Amino acid sequence: MRLTVGQALVRFLAAQWSERDGREQRFFPGCFGIFGHGNVAGIGQALLEYGEEMPYYMARNEQAMVHTASGFARMNDRLSTLACTTSIGPGATNMVTGAALATINRLPVLLLPGDIFATRPANPVLQELEDGRSHDVSVNDCFKPVSKYWDRINRPEQLPSALMAAMRVLTDPAETGAVTLALPQDVQAEAYDWPDELFTRRVWRIPRALPEPAALDEACALLQAVRPLIVAGGGVIYSGATDDLRAFAERTGIPVAETQAGKGALPWNHPCSVGAIGATGTTAANALAREADVVIGIGTRYSDFTTASHSLFQNPGVRFVNVNVARFDAAKLAGTMVVADAREGIRGLNAALDGYAVPDAYKHEATALMARWNAAVDGAYAPQDRPLPAQSEVIGAVNEVSGPRDVVVCAAGSMPGDLHKLWRASDPKGYHVEYGYSCMGYEIAGGLGVKMADPSREVYVMVGDGSYLMMAQELATAVAEGIKLVVVLVQNHGFASIGNLSESVGAQRFGTRYRARTGTGLDGERLPVDLAANAASLGADVLRATGAADLRDALRRARESDRTTVVHIETDPLSDAPGSEAWWDVPVAEVSALDSTREARGRYEKEVWSRRRHL
């Protein structure tokens with residue numbers, strides 16, 4: 001079959017399917033793109049010609065479309081994703097941040113940046129990086145450290161092997177992440193005689209790795225414990241293991257704490273749930289973690305927020321059992337490694353621990369701790385007597401108005417921490433906070449991917465003014481595609497999260513407020529920025545709320561609408577949610593002329609001694 005490289009690529013992608021547990025689905029149901037001279041005549045022409053096989057979606061920002069693909073992939077348990085194509089130069093490098101996010105979060109995305117001419121007929125072509133070391137270097141080499149697989153297709157003959165390698169990585173639960181195929185613009189348009197087999201329907205089976213019996217025996221020997229604690233990570237949800245986790249917890253009585261990616265693994269009101277863990281966790285989960293004798297990490301990569309910078313697990317004899325599909329993560333904290341799919345690992349432990357249950361006193365302790373925490377959340381959600389509502393009140397209003405299957409999306413600022421502690425998730429897919437890269441600008445673009453993956457759910461995007469200013473353009477994409485989002489835009493006139501952190505390290509909120517410059521710095525009047533008007537200019541409907549009661553009414557109106565709606569509300573930037581009673585390591589200047597910094601250093605030197613090496 002004689003086709004261009006671009007046409008062959010699109011035809012191949014359209015023929016790829018994934019399968020797990022007997023359920024098949026298209027692996028690439030569409031392609032996002034922004035066209036320029038580096039891809040318009042190759043992939044662009046192919047997407048026009050084969051649009052019925054591979055639908056095209058026009059993004060407004062290259063980084064954003066990778067975030068959309070990541071949100072889509074996560075919502076689909078990594079069994080399906082979207083391709084992303086750009087021109088060369090800035091269009092390509094704009095995707096690097098998105099690639100890093102996908103790889104850090106173990107989410108499959110396929111990136112197809114245009115590249116400079118392979119034949120070098122007119123060096124330097126527009127937007128080419130001229131590197132004196134080699135003519136084979138382009139800006140696309142930036143993708144190498146943030147991609148799980150990277151290749152450059154300099155000849156048509158190279159395409160089939162690159163495509164097969166790309167699919168191997170994208171469909172590998174342990175190794176997935178961003179895959180980059182750099183496509184020189186002349187090669188994209190070059191014709192070649194392809195074997196018909198390249199375009200036949202191909203189904204990639206997503207494996208479920210089974211635990212090794214000897215590893216289960218070793219783990220079960222440790223799990224004859226008095227104060228065990230489960231830490232449920234994103235792998236529990238990706239593997240569809242939530243029902244098995246519930247059964248395991250109910251039978252053994254082991255409390256379940258959740259990472260950001262694992263939140264929703266148990267419903268918030270389940271008797272075994274103790275909520276979020278770590279620096280942004282509940283006081284209940286963290287109190288149990290400090291005295292746990294065995295920690296069962298399931299599908300978690302143990303980020304510094306989860307471990308409170310390795311200060312959380314303080315029992316002198318604490319040991320770790322790590323159930324993870326990736327050996328890399330299973331080995332962390334010197335844990336006993338059960339390298340397995342989360343669902344199969346839980347089933348294996350449940351069977352091997354038949355007859356085991358934690359002491360009743362431990363169950364009662366966990367229940368009492370969680371009752372106290374839930375009372376604190378009720379207080380944080382309740383309206384306060386202040387001119388502007390607290391962020392916790394806004395979260396409570398959204399939680400109240402949203403349905404049990406609806407999804408909240410967030411990524412950066414102070415809201416991810418508050419959501420992790422306070423949000424009451426009822427569904428495994430109801431909580432979508434990107435906290436592997438915590439990328440400002442992910443929210444609206446990622447929410448678009450979530451809604452595309454499951455249009456049956458309402459999607460509430462919660463975004464602060466700082467993150468909104470980074471990347472709001474995909475509101476226009478949502479409007480153009482008729483994909484409805486409810487965006488809750490929280491305005492506090494600055495980088496409130498970093499402002500709080502700045503104050504805690506003695507830096508006095510320097511450089512975190514949106515103010516006009518005066519003779520003494522950025523300390524003038526608030527900027528006359530109207531983000532609600534900006535959202536309206538991008539085509540969204542806008543509702544302005546002035547308080548908690550008004551916000552609930554606006555949220556209900558937005559829920560009933562069939563159009564993307566932005567609900568704008570101002571909040572008190574100095575109002576904090578209940579604390580987690582856990583630490584996060586941010587080093588403080590060791591010497592300073594500022595009293596605030598010296599005081600913060602004194603506090604830091606006391607806290608840093610709580611760090612442990614788990615060996």
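Everything below is about the structure shown above.
Computed from a predicted model, the values in this text were never measured in an experiment. (Residues numbered from 1 in each chain as written. Predicted model: local features only at pLDDT ≥ 70, side-chain atom pairs only at ≥ 80, totals over all residues. Heavy atoms only, no water.)

Looking at the side chain of R515
Here's step 1: Positionally, R515 belongs in the loop between α20 (496-504) and α21 (531-537).
Here's step 2: In contact with R515, other than residues within four places in its own chain, are H493, L522, D523, G524, E525, R526 and L527. (Helix = DSSP H or I, 4+ residues; strand = E, 2+ residues; numbered from the N terminus. Contact = heavy atoms within 4.5 Å.)

So, the packing of aromatic side chains
Here's step 1: Counting across every chain of the model gives ten aromatic pairs.
Here's step 2: Their ring planes at 20° and their centres at 5.0 Å tell us that F35 and Y56 sit as a pair that is stacked. You can see F35 sitting in the loop between β4 (31-33) and α2 (40-49) and its partner Y56 sitting in strand β5 (residues 56-58), a full 21 residues away along the chain.
Here's step 3: We classify F35 as partly exposed; its relative accessible area is 34%.
Here's step 4: Note on F495 and Y514: the rings are 5.2 Å apart at their centroids and 75° apart in plane angle, and the pair reads as edge-to-face. Of this pair, F495 sits in the loop between β21 (486-491) and α20 while Y514 sits in the loop between α20 and α21, and the two are 19 residues apart along the sequence.
Here's step 5: A residue is classified by how much of its surface remains accessible, and F495, at 27% relative accessible area, is partly exposed.
Here's step 6: With a relative accessible area of 17%, Y514 lands in the buried category. (Phe/Tyr/Trp six-rings, centres within 6.5 Å; stacked < 30°, edge-to-face > 60°. Buried < 20%, exposed > 50% of the residue type's maximum accessible area, 1.4 Å probe, protein only.)

Here's the deal with the sheet that holds β5
Here's step 1: What the six strands build is an open sheet, ordered β5-β4-β6-β7-β9-β8; its pairing is parallel. Each end of this open sheet is capped by a strand with a single partner; those strands are β5 and β8 (149-152). Averaged over neighbouring strand pairs, the angle between their axes works out to 20° when direction is ignored.
Here's step 2: Sheet analysis places β4 next to strand β6 (residues 83-86), joined by three bridges and oriented parallel. Bridging across to β6, C31 finds its partner in A83. (Pairing = 2+ DSSP bridges. Axes fitted to C-alpha atoms, helices over the stretch in contact; angles between N-to-C directions.)

Nothing here speaks to function; it is all geometry.
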